[in-house]
Amino acid sequence: MEQSPAPFSEIGRRARDLLTKDYTYDQKFTFSIPSSSGVGITATGVKRDQIFVGDISTQYKLGSTVVDIKVDTYSNVSTKVTLVDVFRSSKVSLCFNIPDHKSGKLDVQYLHQHAAINSSIGLNPSPLLELSAAIGSKDLAIGGEIGFNTTSSSFTKCNAGISFNKPDFSAALMLTDRGQAVRASYVHTVNPANGTEVAAEMIHRLSTYENSFSIGSAHKVDPLTSVKTRFSDNGKVAMLCQREWRPKSLITFSAEYDTKAKNSVPKLGLALALKP
């Protein structure tokens, strides 16, 4: 539904993505093989310091059913089965990991013209219950989420937020960390022709009266090359350069430097994504 509000998890995502998405300080390699037959395979490898971890995932599509299976280097198998339109405008997902027999989870998503509802329940004797909802429209939405741990009889989540979206800007205000912090974010498209955007995020912690902020920008040097920058109040400066060196294949270089740390060594990262 084009005019329905996005799920609660999408509130503030546009600014969050500009400030954090694609920044990596490891060496990462991704190889994807799409298929017109409905079966796709993706292999991912990440080197952190001297440790290498990876996984192989496959996705199978048949009608309104999607099956995702992932196997990592520790022989863990993650499976997700998604059924679309079981009921009108709904999506049901069943997730579980092997050999963890207590990892089962059932997710249900329902989209209405003026509401988006997501629910999740763990499939074990002491499940974790989660519920989020957003009401409004594509331009203006207000929502909240709660999480309840039946084992400890305590709330793990209790957040709320409101967002206002237009094609050239997006603003969001959220109450997070179970009511302990206020997060405000804003992103603005300065020049649509070259993809220049600026974003800012500020967090105020109600219990300690501490404030923190980050500002960032994104710009397309040419149709195939984009750069991003970020500066945080803790003194960390980051930059990213991404190049589409062939269709749907990206190479990304990231760097971060802590200006307040003595003898600080810059963090460097390289990510290569190949897609034939």
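What comes next is a walk through the structure. (Residues numbered from 1 in each chain as written. Predicted model: local features only at pLDDT ≥ 70, side-chain atom pairs only at ≥ 80, totals over all residues. Heavy atoms only, no water.)

**Focus: the pairing of strand E1 (residues 27–33)**
By the bridge criterion, five bridges tie E1 to strand E19 (residues 267–274) in an arrangement that is parallel. Its bridge partner lying in E19, Thr 30 is registered against Ala 273. Examined bridge by bridge, E1 and strand E2 (residues 39–48) share seven bridges and lie antiparallel to one another. Note on E2: the bridge partner recorded for Gln 27 is Lys 47. Hairpin connection between E1 and E2: a loop of five residues separates the two successive antiparallel strands, and Gly 38 in this loop has a positive phi of roughly 100 degrees. (Pairing = 2+ DSSP bridges. Helix = DSSP H or I, 4+ residues; strand = E, 2+ residues; numbered from the N terminus.)

**Digging into the environment of Ile 69**
Mapped onto the fold, Ile 69 is located in strand E4 (residues 65–72). For the pair Ile 69 and His 101, spaced 32 residues apart in the sequence, the C-alpha separation amounts to 16 Å. Setting aside anything within four residues of it in sequence, one finds Ile 69 in contact with Ile 56, Ser 57, Thr 58, Val 77, Ser 78 and Thr 79. (Contact = heavy atoms within 4.5 Å.)

**Focus: the pattern of salt bridges**
According to the stated counting rule, one finds nine salt bridges in the structure shown. Residue Glu 10 is joined to Arg 13 by a salt bridge in which the shortest nitrogen-to-oxygen separation is 3.0 Å. Residue classification places Arg 13 among the partly exposed residues on the basis of a relative accessible area of 30%. Residue Arg 230 pairs with Glu 256 through a salt bridge whose shortest N-O separation is 3.2 Å. Of this pair, Arg 230 sits in strand E16 (residues 225–232) while Glu 256 is found in strand E18 (residues 249–258), placing the two residues 26 residues apart along the sequence. Just as Arg 230 is buried, Glu 256 falls in that class too. (Salt bridge = Lys/Arg side-chain N within 4 Å of Asp/Glu carboxyl O. Buried < 20%, exposed > 50% of the residue type's maximum accessible area, 1.4 Å probe, protein only.)

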